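The primary structure of each chain is shown beneath.
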2 protein chains.
Amino acid sequence: MTAEVVRIGVLGCGNVGGALVELVERRRGAIEARTGVRLEITKIAVRDLSRIRPGDIASNLFTNDPEAVVNSPDVDLVVETMGGIEPARSLILTALTNGKPVVTANKALLASHGVELYTAADAASRDLLFEAAVAGGIPIIRPLRESLAGEPITRVMGIVNGTTNFILSQMSESGVGYADALAQAQALGYAEADPTADVEGFDAGAKAAIIASIAFGVSVTADDVYHEGITKVTADDIAVAARLGYVVKLLAIAEHDAATDEVAVRVHPAMVANSHPLATVRDAYNAIFVEGAAVGSLMFYGRGAGGYPTASAVLGDLIDAAVNLGKQAHASLGVFAAPKLRAIDDTRSEYYLPFDVVDRPGVLHAVTGVFARHDVSIRTAEQHGLGADARLVFITHDAREADVQATLRDLADLDVVRRIGGVLRVVDV
Amino acid sequence: MTAEVVRIGVLGCGNVGGALVELVERRRGAIEARTGVRLEITKIAVRDLSRIRPGDIASNLFTNDPEAVVNSPDVDLVVETMGGIEPARSLILTALTNGKPVVTANKALLASHGVELYTAADAASRDLLFEAAVAGGIPIIRPLRESLAGEPITRVMGIVNGTTNFILSQMSESGVGYADALAQAQALGYAEADPTADVEGFDAGAKAAIIASIAFGVSVTADDVYHEGITKVTADDIAVAARLGYVVKLLAIAEHDAATDEVAVRVHPAMVANSHPLATVRDAYNAIFVEGAAVGSLMFYGRGAGGYPTASAVLGDLIDAAVNLGKQAHASLGVFAAPKLRAIDDTRSEYYLPFDVVDRPGVLHAVTGVFARHDVSIRTAEQHGLGADARLVFITHDAREADVQATLRDLADLDVVRRIGGVLRVVDV
């Protein structure tokens, strides 16, 4: 059997692109033996031609003109690992129009322009594959698209940001505060100098948008995702959670309510019961918990970032797209409806609410009156002294977000309430 | 867009087949909206036509002639959920020869005749999909075949038998012995009246053979898999393990040594460190831990059995095969080489070795002399009194199986050794 050669153009040769080029070189023989397809990298677009590249890649493969890659007659298939919205978006659209399948790891692009690109790929009858865009090396997009194609997914709940999971794991295991844990994450290269995108939940929100779109067949963008970060989580919150049998995790949650056809997508820290499989996901690991009507609960766990794990996911897609191209087949992405988005105010959860109050008679009565007025029922209450003040911690029964927010506003108006801490949703089961 | 109709013949309408027929009926509209393919069940072969079937399936769909299903011009695609080797094997081969893709959940068949069937499917250019054959609703075959196609897998280690995991979880959490836990599993329907296939590791061995074949591209059958069951695991072993920071699990392990190209596949109980993701898999849940060179560690977790979870996996395959059929495409299973099997004697591990000895001076010296003679190095030793006897528990450093077995044989010959308990391998990290 003569191998079929598929010529690949790579856009971007950074952390992921560089690892991919290396993996293709190293695994070429094994892939050919297994699939009959020989992968040849014919062009690599980089920003700066003067930077030295790893390995022994022939220097005549490099170009600083990405347009030349997506328009080249010597490129059958395009891998995009440059990141950012433009020019990545235009380059991918051009590649598809030119009949070249595309593999991308570009989370930000798919979270903002995913459905435009999915539609363009189907119109061109070409593959657009993006396993690496969510949770690095963990196979989650393909299982959602294919293995669970017949399954009405009710909820996807994930730890999809390694930086924040590392910070929260450090706080939980060493008892350090947020600032110290962040500094540690920065020192180890897990967090960037400006950690905003991670710690404020933007990164997790983008992944949640992609997951929701694929899981529910609707068009959700990052702007549709409500998010709260982890900067208000204190060592004290984590200690209280531990005492009650919980760990604190930043969760990306996408829910579909079959009764109303509403979709709710949000990112926020949550207290996760120790018995929940997500509670055991430590350090920079990621995991995605999927609930379906027939299949029950599934979890997918692994390294959510890093050059090699991400490049491994890109390579899996690349092989799939290359094999499909030889058969002139492609995996359709299907139809994406406009979602009926449920506002965060209308979501429901149990809530952990910490606040400091003046320690004097009648305070608990005043505080609980506010809860009763807004129909928020208290499941657990803890009070302990704190000098002249007391720390109150409540966990509510299932309550509506808007009612909890109204409760918090009224509590802030009480002069016996000194300070309201960060709110955490509670995930049991 | 007019829907393309794909007509399905189902072989077997038991637990899984019945749930599948129900799911197809319930999800038909959603699947058509998403994929443009309309699934119609046109024939269902059952053993006994007089048994009442669930739901409102038209009775004229039923036949007791499975040959008529795989030869019918009114059937485009065959789903096999009847189980057993024959006639399932012949029926699947006939269906493929007739150009009908096949979806099967038949673990025993694939573990004994998998490569024959994979080869027949590729020769017929038709899909043979079998996600449901291993670990029920958990997507593991598709990720191994596609997402990890470019990844050299070094090891797959799974809890793939729900019955034994339930029994071991009960022993671990309630402190009951093996017999009581088994009785409980039987009362709850998790274990059969004759539990041999589960508790002796045959079921896990069949799954390990399929996993090894797909992960490493070699032809491994159930007969190639070494297996030990859980019947020798005692409440005492589990208590000692817990004290040392471990839980006892029945593991199916498939390893590939890139240096020698050897494959080792085995099933045995093991002490798994509490910090390992597999340690947290409780009750009847399954999980499969995959290690690859670039991707690092992955884990796939969910319900490994049950009608609906398994039928959900069958339905995912069914949709995939139906969509592929419309495009005259199929997913090639690739080439399966004959494996270089590593004998169990040549595998290496750390070992937990419990035995009862006479409690008198010089015994420990005599016992440790046997270990030294066979080059088995002791990492941890515990001794505690037991009436006139003492219980000795050793954990070894990494050692060769043959050396450990020779050590155990010589120990049995010492007259101070009363009884040698069940050996457990130790899984750290």
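Summarised in this report is the structure supplied together with it. Predicted model only: the values in this text are computed from it and were never measured. (Residues numbered from 1 in each chain as written. Chains lettered and ligands numbered in written order. Predicted model: local features only at pLDDT ≥ 70, side-chain atom pairs only at ≥ 80, totals over all residues. Heavy atoms only, no water.)

### Some points on the overall build of chain A
Logical step 1: Looking only at helices and strands, chain A has 13 helices and 19 strands in total.
Logical step 2: In terms of overall size, chain A behaves like a compact globule, its C-alpha atoms giving a radius of gyration of 24 Å where 429 residues would be expected to give roughly 22 Å.
Logical step 3: Projecting the C-alpha coordinates of chain A onto the three principal axes gives extents of approximately 85 × 45 × 35 Å.
Logical step 4: Residues counted as buried form 58% of the 429 residues belonging to chain A.
Logical step 5: Across chain A, every contact between residues at least 6 apart in sequence was considered, and the portion connecting residues at least 24 apart equals 74%.
Logical step 6: Carbon and sulfur atoms make up 50% of the accessible area of chain A, which amounts to about 16,200 Å² in all.
Logical step 7: One way to put it: in chain A the 37 positive side-chain charges average out to a point 3 Å from where the 54 negative ones average out. (Helix = DSSP H or I, 4+ residues; strand = E, 2+ residues; numbered from the N terminus. Rg over C-alpha atoms; globule rule 2.2 N^0.38 Å. Buried < 20%, exposed > 50% of the residue type's maximum accessible area, 1.4 Å probe, protein only. Contact = heavy atoms within 4.5 Å. Areas by Shrake-Rupley, 256 points an atom, 1.4 Å probe, with all protein chains shown as cover. Lys, Arg positive; Asp, Glu negative; His and termini not counted. Charge placed at Lys NZ, Arg CZ, Asp CG, Glu CD.)

### Here's the deal with the environment of A264 of chain B
All names here are of chain B.
Logical step 1: Here A264 lies in strand 10 (residues 262–273).
Logical step 2: Considering only alpha carbons, one finds A264 and T347, 83 residues apart in sequence, at a separation of 7.5 Å.
Logical step 3: Sequence-distant contacts of A264, that is, excluding residues within four places in its chain, are made with I253, A254, E255, R342 and T347.

### Focus on the pattern of salt bridges
Logical step 1: One pass over the full model with this rule turns up 64 salt bridges over all chains.
Logical step 2: Where D257 of chain A meets R342 of chain A, a salt bridge forms, and the shortest distance between an N and an O atom there is 2.9 Å. In this pair, D257 of chain A is assigned in strand 9 (residues 246–257) and R342 of chain A in the loop between strand 13 (340–341) and strand 14 (348–358), connecting sequence segments 85 residues apart.
Logical step 3: A salt bridge links E255 of chain B to R266 of chain B; the nearest nitrogen and oxygen atoms lie 2.8 Å apart. Taken together, the residues E255 of chain B in strand 9 (residues 246–257) and R266 of chain B in strand 10 connect sequence positions 11 residues apart.
Logical step 4: Within this structure, R142, D317 and D320 of chain A together with E146 of chain B form a network of salt bridges that share partners. (Salt bridge = Lys/Arg side-chain N within 4 Å of Asp/Glu carboxyl O.)

### Points about the nonpolar core
Logical step 1: F130, I210 and V290 of chain A together with F130, I210 and V290 of chain B are the most contacted members of the largest nonpolar core, which has 166 residues in total.
Logical step 2: Setting aside residues up to four positions removed in sequence, I210 of chain B forms contacts with K107, L110, A111, Y118, F130, A133, V134 and I141 of chain B. (Core = buried A, V, L, I, M, F, W, Y, C linked by side-chain atoms within 4.5 Å.)

### What about helix 7 (residues 178–187) of chain A?
All names here are of chain A.
Logical step 1: Residues of helix 7 that are buried include every one of Y178, A181, L182 and A185, and no others. Buried residues of helix 7, viewed axially, fall in a sector of 100°; they line one side. More than 90 degrees from the buried face of helix 7, the exposed residues found are A179 and A187.
Logical step 2: Against the buried residues of helix 7 lie helix 6 (162–174) and helix 8 (196–199).
Logical step 3: The positive-phi residue at the C-terminal boundary of helix 7 is G189, with phi of around 85°. (Arc of directions from axis to C-beta.)

### Thoughts on the relation of the copies chain B and chain A
Logical step 1: With an RMSD of 0.0 Å, chain B superimposes on chain A once it is rotated by 180° and translated 0.0 Å along the axis. Those values place the two copies in the arrangement expected of a two-fold rotation axis. Closest to the rotation axis within chain B is the C-alpha of F300 of chain B, separated from it by 2.4 Å.
Logical step 2: By residue overlap, the copies meet face to face through one surface: 100% of the interface positions of chain B are interface positions in chain A. (Least-squares fit on C-alpha atoms with pLDDT ≥ 70 in both.)

### Some words on the interface of chain B and chain A
Logical step 1: Between chain B and chain A, the residue contacts involve 48 residues of the former and 48 residues of the latter.
Logical step 2: Counting each side, the surface lost to burial between chain B and chain A is near 3,800 Å², with a carbon and sulfur contribution of 55%.
Logical step 3: Three residues stand out in chain B for area buried against chain A, namely R34, S147 and Y301 of chain B, and they jointly supply 17% of the buried area on that side.
Logical step 4: A salt bridge links E146 of chain B to R142 of chain A; the nearest nitrogen and oxygen atoms lie 3.1 Å apart.
Logical step 5: If you look at where chain B meets chain A, you find 14 residue pairs in polar contact (both at pLDDT 80 or more).
Logical step 6: Counting only elements with at least two residues in the side of chain B that touches chain A, the list comes to helix 1 (15–35), helix 5 (141–147), helix 9 (202–216), strand 11 (285–292), strand 12 (296–303) and helix 11 (307–326) of chain B.
Logical step 7: Within the side of chain B that touches chain A, the residues separate by chemical class into 26 nonpolar, 13 polar and nine charged.
Logical step 8: By the bridge criterion, five bridges tie strand 12 (residues 296–303) of chain A to strand 12 of chain B in an arrangement that is antiparallel. Counted as the bridge partner of M299 of chain A is Y301 of chain B from strand 12 of chain B. (Buried area = accessible area lost by both parts, 1.4 Å probe. Polar contact = N/O pair within 3.5 Å; in protein donor to acceptor, adjacent residues only side chain to side chain. Nonpolar A, V, L, I, M, F, W, Y, C, P; charged D, E, K, R; others polar. Pairing = 2+ DSSP bridges.)

### With respect to the sheet that holds strand 6 (residues 128–129) of chain B
Residue and element names in this part refer to chain B.
Logical step 1: Taken together, the six strands give an open sheet; going across it, the order is 3-2-1-4-5-6, and neighbouring strands pair in parallel fashion. The sheet is open, and its two borders are formed by strand 3 (62–63) and strand 6, each paired with just one other strand.
Logical step 2: Relative to strand 5 (residues 102–104), strand 4 (residues 77–80) runs parallel, the two sharing three bridges. Bridge pairing links V79 to V103 in strand 5.
Logical step 3: Sheet strands in contact with helix 1 are strand 1 (4–11), strand 2 (37–45) and strand 4, and its direction is about 160° off that of strand 2.
Logical step 4: The strands touched by helix 3 (residues 88–97) are strand 1, strand 4, strand 5 and strand 6; relative to strand 5, the strand with the most contacts, the crossing angle is about 155°. (Axes fitted to C-alpha atoms, helices over the stretch in contact; angles between N-to-C directions.)

### Looking at the packing of helix 3 (residues 88–97) of chain A against helix 4 (residues 107–123) of chain A
Residues and elements named next belong to chain A.
Logical step 1: Between helix 3 and helix 4, the least distance of the axes is 10 Å, while the angle of their chain directions is 15°. Comparing the axis directions of helix 3 and helix 4 gives the class roughly parallel. As helix 3 runs across helix 4, the sense of the crossing is right-handed. Contacts between helix 3 and helix 4 involve A88, R89, I92, L93 and L96 from the first element and L109, H113, E116, L117, A120 and A121 from the second.
Logical step 2: Residue classes in the contact of helix 3 with helix 4 are distributed as eight nonpolar, one polar and two charged. (Parallel < 35°, antiparallel > 145°, perpendicular 65-115°, else oblique. Left-handed = near helix turned anticlockwise from the far one by under 90°.)

### Quick look at the packing of aromatic side chains
Logical step 1: By the definition in use, this model includes 15 aromatic pairs over all chains.
Logical step 2: Measuring from ring centre to ring centre gives 5.6 Å for F355 of chain B and F394 of chain B, while their planes differ by 75°; the resulting arrangement is edge-to-face. Here F355 of chain B, found in strand 14 (residues 348–358), pairs with F394 of chain B, found in strand 16 (residues 389–396); they are 39 residues apart in sequence, far enough to count as distant. Take F355 of chain B and F394 of chain B: they sit in the same class, and that class is buried.
Logical step 3: Three or more aromatic residues link up through ring pairs in this structure, and these residues are Y118, F130 and F336 of chain A. (Phe/Tyr/Trp six-rings, centres within 6.5 Å; stacked < 30°, edge-to-face > 60°.)

### Things to note about the pairing of strand 14 of chain B
Residue and element names in this part refer to chain B.
Logical step 1: Summarising burial for strand 14: 10 of the 11 residues are buried, a large majority.
Logical step 2: As judged from the two bridges shared by strand 14 and strand 17 (residues 399–400), these two strands associate in the antiparallel manner. The residue bridging R348 from the neighbouring strand is R400, located in strand 17.
Logical step 3: Sheet topology places strand 14 next to strand 19 (residues 424–427); three bridges connect them, and they run antiparallel. In the strand pairing of strand 19, Y352 is matched with L424.
Logical step 4: In this sheet, strand 16 lies alongside strand 14 in antiparallel orientation, the contact comprising seven bridges. Across the sheet, F355 pairs through a bridge with L392, a residue of strand 16.
Logical step 5: Looking at chain direction, strand 14 and strand 18 (residues 417–420) are connected through three bridges and run antiparallel. Along strand 18, the bridge assignment pairs D356 with R419.

### A closer look at the sheet that holds strand 5 (residues 102–104) of chain A
Residues and elements named next belong to chain A.
Logical step 1: Read from one edge to the other, the open sheet built from six strands follows the order 3-2-1-4-5-6, with strand pairing classed as parallel. Each of the sheet's edge strands pairs with one partner strand only, and the pair in question is strand 3 (62–63) and strand 6 (128–129).
Logical step 2: Note: strand 1 (residues 4–11) against strand 2 (residues 37–45), eight bridges, orientation parallel. Within the sheet, the bridge partner assigned to V10 lies in strand 2 and is I44.

### Structural notes on the pairing of strand 10 of chain B
Side chains on a regular strand alternate between the two faces of the sheet.
All names here are of chain B.
Logical step 1: Of all 12 residues that make up strand 10, 11 are buried, and the element is covered over most of its length.
Logical step 2: Note: strand 8 (residues 226–227) against strand 10, two bridges, orientation parallel. Its bridge partner being in strand 10, Y226 is matched across the sheet by R266.
Logical step 3: Note: strand 9 against strand 10, 12 bridges, orientation antiparallel. Bridge assignment links E255 to a residue of strand 10, and that residue is A264.
Logical step 4: Counted between consecutive antiparallel strands, the loop separating strand 9 from strand 10 contains four residues, among which D261 sits at a positive phi close to 65°.
Logical step 5: Bridging between strand 10 and strand 13 (residues 340–341) involves two bridges; their strand directions are parallel. Its bridge partner lying in strand 13, V263 is registered against L341.
Logical step 6: Direction of pairing for strand 10 relative to strand 19: parallel, over a ladder of three bridges. Looking at strand 19, one finds that A270 is bridged to R425.

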